[in-house]
Amino acid sequence: MTQQSVTMADVAKAAGVSRTTVSFVLNGRMEANIPETTRERINQTARMLGYRPNAAARTLASKRSAWFGLVTEIATSPFATDVIKGAQRSAWKDGNFLLIAPSDDDPGMEMLAVEKLLEQQVGGLIIATTWHREIIVPENAKSVPCVLVNCFDAAGEFPSIVPDEVAGGYAAAEILARAGHTNIGHITVAQGIPAQIGRQTGMKQALRDHGISQEESQIVAGDGTADSGYHGTQELLAQPDPPTAIFCGNDRIAMGAYDAIKELGLRVGEDISIVGFDDQEILAPHMRPKLTTIALPFEEMGMAGVSLLNQMVEGSPIENRQITIGCPPRIRSSVAMHGQR
C-alpha cells in the first residue's frame, strides 16, 4: 500500500478500531475518552502503513490553512537563516509550516511570489526585508492576513515587526560612556534610513543622559561599507582632539575602522574603543579583537512575526500596529576603560 493511498479508514481497519476513533487520535483531539494503549496502537499502525494527513482536506474541513507564506529578498543573506529559523520555530510550535518564496528585491517578482503562495492556499503572509525600511506591499497580499518583518508600510495598514533602533543606539553609546569615554565619535550608516535616524537618536540621548557633549564634527556620514568606516575613522582621528572611542553604525563600518586604527599604529580596544551594530556572525566574533556590538534580533523578529500572524488568522484584535524588538548588546573585547592601558 503506497503512502498516497493510505487513508484513515485503512488505519482504522488495521488497528481494529472505528474511523472516528482514528480521526480523534491522529488529529490530536484529547476530549474523547480513548485509552492511551489504543492511542499508541493507532499511532504505531499509522506509522507502519506510512499514513500522511491530507493538508488540503484539513484546510477545507477546518476553514483554516496550516501553511503560512514567507516572502523574502534575503534567502541568500547571512541574516536570512535567523529570520527563517525564528519564524519556522514559532510556526511549528502551533502546528503550522512555512512556504518560503524569494523576491530578489524586485516588485514584480515580489508580487509573483505572493501570487504563487496564495495559489498554495496559505492562511497568511510574512514579508521580510534585508534592512529596516519602508516598503510598498503588493496589492495581492491584502487578500490574506499579512505581517511585515524588518520593514513597514507608509500608511500603517499592515502590522509590522521592527528592531528598536533607538534603544540599540542608546545601548551602544552607553557602553562607551560607562567605560569612561567622554570624547566619542560616530560613523553613520546611509543617511535618512530608519537605522541611521534611530541609532543616532539613541546615541545622542544616551550621551545627554550621561552629561557628555558631542560636536557635529564628531559625527561623520558613512554609507554602511567598510570603506566608509576606514575613511571616517581617518577623518575623526585627524581632528585636533581625536575621539578615544567610536560608535560605528554597523559591523562593516567597524571593520574599516579597525584597519584605519591599525595603520596609525594604534590598538583597537586599548588606544581606541569601538562599538559596532548588527552582530554579523561572519564578522563580529572573528575580528581581532572581537567586536563589541549591538545585535539585530532577526530570529526574534521572525518568531514575533508568526506569533502576530497567528493572532490575526484567529481573529484576535491587534493592539499595537508596530512592535519593536530589542537589540541586545554583545560585549566582547573592543572596548576598554578610558585611561587604562
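Note that the structure is predicted; figures quoted are calculated from it, not measured.

*Asks:* Any chance you could explain the overall build of the chain here in plain terms?
*Replies:* A tally of regular secondary structure across the chain gives 11 helices and 12 strands. By residue count, 51% of the 341 residues in the chain fall in the buried class. Residue pairs at least 24 apart in sequence account for 69% of intrachain contacts in the chain once pairs closer than 6 positions are excluded. Taken as a whole, the chain presents about 16,600 Å² of accessible surface, with 53% of it coming from carbon and sulfur.

*Asks:* Hey, could you run me through the pattern of salt bridges in this one?
*Replies:* Where charged atoms from two side chains of opposite charge approach closely, those side chains can pair. Following the criterion strictly, the structure yields 14 salt bridges and no others. Residue Arg89 is joined to Glu299 by a salt bridge in which the shortest nitrogen-to-oxygen separation is 2.7 Å. With Arg89 in helix H5 (residues 80–93) and Glu299 in helix H11 (residues 298–313), this residue pair connects regions lying 210 residues apart in the sequence. Residue Arg89 is classed as partly exposed on the basis of its relative accessible area of 45%. Residues Arg267 and Glu270 are paired through a salt bridge, measuring 3.2 Å at the closest nitrogen-oxygen approach. Because the salt bridges share partners, they merge into one network encompassing Glu139, Lys142 and Glu157.

*Asks:* How should the sheet that holds strand S11 (residues 322–325) be read in this particular structure?
*Replies:* In any sheet, the strands associate via hydrogen bonds between backbone groups, in a parallel or an antiparallel arrangement. In spatial order, the strands read S2-S1-S3-S4-S5-S11; together these 6 strands make up an open sheet with parallel pairing. In this open sheet, the two strands that pair with only one neighbour each are strand S2 (97–102) and S11. Within the sheet, the average angular offset between the axes of one strand and its neighbour, ignoring direction, is 25°. The pairing of strand S3 (residues 124–135) with strand S4 (residues 146–153) spans 7 bridges and is parallel. Bridged to Ile135 within S4 is Asp153. Along the sheet, H11 makes contact with strand S1 (67–72), S3, S4, strand S5 (160–163) and S11, crossing S4 at roughly 140°.

*Asks:* Would you mind showing me how to read the pairing of S3 here?
*Replies:* Regular strands place their side chains on alternate faces of the sheet. The buried count for S3 comes to 9 of 12 residues, which makes it a mostly enclosed element. Looking at chain direction, S1 and S3 are connected through 5 bridges and run parallel. Note that in S3 the partner of Val71 across the bridge is Ile127.

*Asks:* What should I look at first to understand the side chain of Thr233 in this one?
*Replies:* Examined against the element boundaries, Thr233 turns out to sit in helix H9 (residues 226–237). Take Thr233: its relative accessible area is 0%, and that puts it in the buried class. Apart from residues lying up to four places away in sequence, Thr233 is in contact with Ile187, Ile246, Ala257, Ala260 and Ile261.

*Asks:* What am I meant to see in the nonpolar core here?
*Replies:* The nonpolar side chains of a soluble globular protein tend to be buried, and buried together. Counting 38 residues, the largest nonpolar core has Ile161, Phe247 and Ile294 as the members making the most contacts within it. Among the secondary structure elements, those contributing two or more residues to this core are S1, H5, S3, S4, helix H7 (165–178), helix H8 (194–209), strand S8 (245–248) and H11. Beyond its immediate sequence surroundings of up to four residues, Ile294 is in contact with Gly168, Ala171, Ala172, Ile175, Gly276, Phe277, Asp278, Asp279, Cys327, Pro328 and Pro329. Membership of the second largest hydrophobic core comes to 20 residues, among which are Cys248, Ile253, Val268 and Met287.

*Asks:* Can you help me understand the sheet that holds strand S6 (residues 184–187) in this one?
*Replies:* Strand order in the open sheet formed by 4 strands is S7-S6-S8-S9, and the pairing between neighbours is parallel. Taken across any chain shown, the strands that pair with only one partner, and hence form the sheet edges, are strand S7 (219–220) and strand S9 (273–275). Relative to S7, S6 is paired through 2 bridges, and the arrangement is parallel. Each residue of the ladder has a partner; that of Ile187, found in S7, is Val220. Along the sheet face, H7 touches S6, S8 and S9 and points at about 165° away from the line of S8.

*Asks:* Is there a simple way to explain helix H10 (residues 251–263) in this structure?
*Replies:* Residues spaced three or four apart along an α-helix point in a common direction, a consequence of the helix completing one turn every 3.6 residues. Along its 13 residues, H10 runs 19 Å from first to last C-alpha, staying within 8% of the 18 Å computed at 1.5 Å per residue. Among the residues of H10, Asp251, Ile253, Ala254, Gly256, Ala257, Tyr258, Ala260 and Ile261 are the ones counted as buried. Residues of H10 that are buried sit in contact with S6, H9, S8, S9 and strand S10 (293–294). Where H10 begins, the side chain of Asn250 points an oxygen toward the backbone nitrogen of Arg252, at a separation of 3.2 Å.

Reading the values: the criteria
- Residues numbered from 1 in each chain as written.
- Predicted model: local features only at pLDDT ≥ 70, side-chain atom pairs only at ≥ 80, totals over all residues.
- Heavy atoms only, no water.
- Helix = DSSP H or I, 4+ residues; strand = E, 2+ residues; numbered from the N terminus.
- Buried < 20%, exposed > 50% of the residue type's maximum accessible area, 1.4 Å probe, protein only.
- Contact = heavy atoms within 4.5 Å.
- Areas by Shrake-Rupley, 256 points an atom, 1.4 Å probe, with all protein chains shown as cover.
- Salt bridge = Lys/Arg side-chain N within 4 Å of Asp/Glu carboxyl O.
- Pairing = 2+ DSSP bridges.
- Axes fitted to C-alpha atoms, helices over the stretch in contact; angles between N-to-C directions.
- Core = buried A, V, L, I, M, F, W, Y, C linked by side-chain atoms within 4.5 Å.
- Expected span 1.5 Å × (residues − 1).
- Polar contact = N/O pair within 3.5 Å; in protein donor to acceptor, adjacent residues only side chain to side chain.

Interpretation in functional terms is not warranted from these geometric data alone.
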